[in-house]
Amino acid sequence: MASYSVCICFKRKFRLAEPEPPADVKEAFMRYTAGGTHMTAEQLLGFLAEDQKDSGATISDAERILEMVLNRRHHVTKFARTTLTLDDFHHFLFSTDLNSPIGSQVHQDMRAPLSHYFIYTGHNSYLTGNQLNSNSSDVPIIQALKRGVRVVELDLWPGSTKDSVHVLHGRTLTTPVELIKCLKSIKEHAFSASPYPVILTLEDHLTPDLQAKAAQMISQTFGDMLFYPKSESLPEFPCPEELKYRVIISTKPPKEYLESKSSNNSRKEKDSDEDISVRVPSYLTVDRESNDKSDSGRSEGSSETDESNDECGRPLEAPAYKHLIGIHAGKPRGGLKASLRVEVNKVSRLSLNEQAFGKAIASHGTDVIRFTQKNLLRVYPKATRFNSSNYKPLIGWLHGAQLLAFNMQGHGRALWLMHGMFRANGGCGYVKKPDFLLNVSPHNQVFDPKAKLPVKKTLKVRVYMGDGWHSDFKKTHFDLYSPPDFYTRAYMQVGIAGAAADKTMKETKKKQNKWTPVWNEEFTFPLRVPEMALLRIEVYEYNMPEKDAFAGQTCFPVSELRQGIRAVPLFNRKGDIYASVKLLMRFHFL
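The rules behind the values
- Residues numbered from 1 in each chain as written.
- Predicted model: local features only at pLDDT ≥ 70, side-chain atom pairs only at ≥ 80, totals over all residues.
- Heavy atoms only, no water.
- Helix = DSSP H or I, 4+ residues; strand = E, 2+ residues; numbered from the N terminus.
- Buried < 20%, exposed > 50% of the residue type's maximum accessible area, 1.4 Å probe, protein only.
- Areas by Shrake-Rupley, 256 points an atom, 1.4 Å probe, with all protein chains shown as cover.
- Phe/Tyr/Trp six-rings, centres within 6.5 Å; stacked < 30°, edge-to-face > 60°.
- Core = buried A, V, L, I, M, F, W, Y, C linked by side-chain atoms within 4.5 Å.
- Contact = heavy atoms within 4.5 Å.
- pLDDT = per-residue confidence, 0-100.
- Salt bridge = Lys/Arg side-chain N within 4 Å of Asp/Glu carboxyl O.
- Axes fitted to C-alpha atoms, helices over the stretch in contact; angles between N-to-C directions.
- Parallel < 35°, antiparallel > 145°, perpendicular 65-115°, else oblique.
- Left-handed = near helix turned anticlockwise from the far one by under 90°.
- Nonpolar A, V, L, I, M, F, W, Y, C, P; charged D, E, K, R; others polar.
- Pairing = 2+ DSSP bridges.
- Expected span 1.5 Å × (residues − 1).
- Arc of directions from axis to C-beta.

Visitor: Any details on the overall build of the protein chain? Residues and values, ideally.
Guide: Along the backbone of the protein chain there are 16 helices and 22 strands. Within the protein chain, the fraction of its 590 residues that count as buried is 58%. Element-wise, carbon and sulfur atoms account for 51% of the exposed surface of the protein chain, whose accessible area totals about 24900 Å².

Visitor: An account of the packing of aromatic side chains is needed here, citing residue identities and associated values.
Guide: Across all of its chains, the model carries 17 aromatic pairs by this definition. Aromatic pair Tyr32 and Phe47: ring centres 5.8 Å apart, planes at 85°, arrangement edge-to-face. Here the residue Tyr32 occupies a position in helix 1 (residues 23-32), and Phe47 occupies one in helix 2 (residues 41-50), the gap between them amounting to 15 residues. Grouping residues by exposure puts Tyr32 and Phe47 together as buried.

Visitor: So what about the nonpolar core? Which residues, and what values?
Guide: Residues Leu377, Trp397 and Met418 are the most contacted members of the largest nonpolar core, which totals 41 residues. Looking at this core, the elements with two or more residues in it are strand 11 (349-353), helix 13 (354-372), strand 12 (376-380), helix 14 (394-398), strand 13 (403-406) and helix 15 (413-421). Considering every element that reaches this core, the biggest residue donor is helix 13, with seven residues. Ignoring any residue separated from it by four or fewer positions in sequence, one finds Trp397 in contact with Phe118, Leu404, Leu417, Met418, Met421, Phe422, Leu437, Met532 and Leu534. One finds Val461, Tyr487, Leu561 and Phe589 within the second-largest nonpolar core, a separate group that totals 35 residues.

Visitor: Which residues make up the confidence of the model for the protein chain, and what values do they have?
Guide: Mean pLDDT over the protein chain stands at 85; residues scoring 70 or higher make up 82%. Within the model, the stretch residues 264-317 combines pLDDT values under 50 with 163 contacts to residues more than four positions away or in other chains. Throughout residues 496-501 the model reports pLDDT below 50, and contacts reaching past four residues in sequence, or to other chains, amount to 10 contacts.

Visitor: Quick rundown of helix 4 (residues 86-93)? Include the residues and the values.
Guide: When helix 4 is considered as a whole, its buried residues turn out to be Asp88, Phe89, His90, Phe92 and Leu93. For helix 4, the elements touching its buried residues are helix 1, helix 2, helix 3 (59-73), strand 15 (457-467), strand 21 (564-571) and strand 22 (577-589).

Visitor: I'd like to hear about the pattern of salt bridges, residue by residue, with values.
Guide: Per the stated rule, a full pass over the model turns up 19 salt bridges. A salt bridge links Glu241 to Lys244; the shortest N-O distance between them is 3.3 Å. Given the relative accessible area of 23%, Glu241 is considered partly exposed. Between Glu507 and Lys510 there is a salt bridge whose closest N-O contact spans 3.6 Å.

Visitor: Just give me the short version of the environment of Glu354, but keep the residues and values in it.
Guide: Along the chain, Glu354 falls in helix 13. The sequence separation of Glu354 and Gly396 amounts to 42 residues, and the corresponding C-alpha distance is 9.0 Å. With near-sequence residues (within four places) excluded, Glu354 lies in contact with Val379, Tyr380, Pro381, Lys382, Arg385 and Tyr391.

Visitor: Explain the packing of helix 2 against helix 4 to me, and be specific about the residues and the numbers.
Guide: Where helix 2 contacts helix 4, the two axes come as close as 13 Å, and the packing angle between them is 40°. Compared by their axis directions, helix 2 and helix 4 come out oblique. Remark: the crossing between helix 2 and helix 4 carries right-handed chirality. Between helix 2 and helix 4, the residues in contact are Leu44, Phe47 and Leu48 and Phe89, Phe92 and Leu93, respectively. When the residues that make up the contact of helix 2 with helix 4 are grouped by side-chain class, the tally is six nonpolar, no polar and no charged.

Visitor: An account of the side chain of Thr221 is needed here, citing residue identities and associated values.
Guide: Tracing the sequence through the fold places Thr221 in helix 7 (residues 208-222). You can call Thr221 buried: its relative accessible area is 9%. With near-sequence residues (within four places) excluded, Thr221 lies in contact with Ile180, Leu183, Lys184 and Lys187.

Visitor: For the pairing of strand 16 (residues 486-493), give the residues involved together with the corresponding values.
Guide: The buried count for strand 16 comes to eight of eight residues, which makes it a mostly enclosed element. Burial of strand 16 is two-sided: the residues Phe486, Thr488, Ala490 and Met492 facing one way and the residues Tyr487, Arg489, Tyr491 and Gln493 facing the other way are all buried. Pairing analysis gives eight bridges linking strand 16 to strand 19 (residues 534-541), with the strands arranged antiparallel. Of the residues in strand 19, the one forming a bridge with Tyr491 is Arg536. Bridging between strand 16 and strand 17 (residues 504-507) involves four bridges; their strand directions are antiparallel. Bridging from a neighbouring strand, Tyr491 pairs with Met505 of strand 17.

Visitor: Residue-level account of unusual backbone geometry, with values.
Guide: Look at Asn124: it is not a glycine, yet its phi comes out positive at around 45°. Relative accessible area serves as the criterion here: at 0%, Asn124 is assigned to the buried category.

Visitor: Could you give me a rundown of helix 3, with the residues and numbers involved?
Guide: The first and last C-alpha atoms of helix 3 sit 21 Å apart over 15 residues, in line with the 21 Å expected at 1.5 Å per residue. Here helix 3 has its buried residues at Ala62, Ile65, Leu66, Val69 and Leu70. Down the axis of helix 3, the sector holding all buried residues measures 125°, keeping them to one side. Its buried side turned inward, helix 3 meets helix 2 and helix 4.

Shown next as structure tokens:
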């Protein structure tokens, strides 16, 4: 019983009743127990294989589930009984650790080149807040790595004494953090969430002496963890499986920075990201890697490389630093067509800000897809995102862009989509592209995102009920005078032009004064590109006339959803999982 004070002398009392299992749960239990009152491990296995479509489930899995449920709910009788009651069965279905909506294991082929994967990528990974005056620290780097992020970005600048190397967002009021501190934290936490390679993108603004010093720090910190390519002109990127527990440095060789420094100084201001996004020739002819920061127009290490004399005449300036580079970032020349040209015996990385990328896909969408079949493309936030917000990632993935650099310290729907995408493939930070982005037809054609496509698959989503808010929130968090009035929104999103059916929002009815709301509503989503669809779910508390209160969210790739009745955990605005808040839902493909 929960009491809410109204005025001073009056109290409203509401019973916290635990709702009974949904009708579908009762029906399944009765069907597999033949109308009985207890479910055996064999009967549970039948339910897992048939209703839940868990074809790989074994009797050992069923026995383990049964044992864990009995241990949690009946401590005294856990050895006296080996069957589940209806309430036990409902408890199993509503347990996020025993009945999750997606798998937790790496299941995709990890032996393809890096360019065949979407990679979990951070932007300005060291910032704790906004892009202008927040602190630089190793803490957000650690948090990102623990979440599974595989690409960490560091901006290297001379320290105040000019003999040390700092990491900060240059030409802003952000405070610095020492490079060595960031490197040590990366080494310690790089593989806490995933064994697959960490790519360290360096944007250096260092003198040759400090480049050599940075190279020494990197070499000594990572040692044998560093990946050294056999050749500077790789015909193909190595695969994630080969690079397990390795750290890859990605930047431009310092030689190009030294050679072009004098010529770049005169145009440094006009080559800022804001100008790039407005003047089309700029983002095509000026290397975005040399101004790869969304707010300051800084250079990523260096400019153009001349590889023809690389073997015979390595530059005297910081040769060790150049030798560390595992993924070279080249400078495009001659306009858009040239920058997207696919070279036969060489792969590279190209960066565009979100506005430049938008223009590129508008005029040369299929060229972008062809380029990303072999090379890496990085897209980073535009200059005006001072508050560390993010762009919509779906259109980037649909064009094959592997490295969509996001401000992980922010929050919002765009970041929720990013989190959702990389819950795929066991959360390892590498998600294999669908075949249609990698295939080339006999007529040398690639996928066209602008083409009108038929419905390929239909997903039915039923939202049964929700629970856990009374455990994770104070009773007056949503409403001072009564329990909350929850409702759920389900969004289906695919970043494809003209596919309105793949961008749909459905909403349940509002349940008044219920800490454990029961909706039992079903939605249907026709899908034209199911391989790239994301199901985003949000829960709100209706709060008329004020703004509805946020009560949880989650997002999953449709391709990863496990069919059947599932317990769906919810997350807060920052993407951290709630301890108890969850939904009971059913997913079914037609």
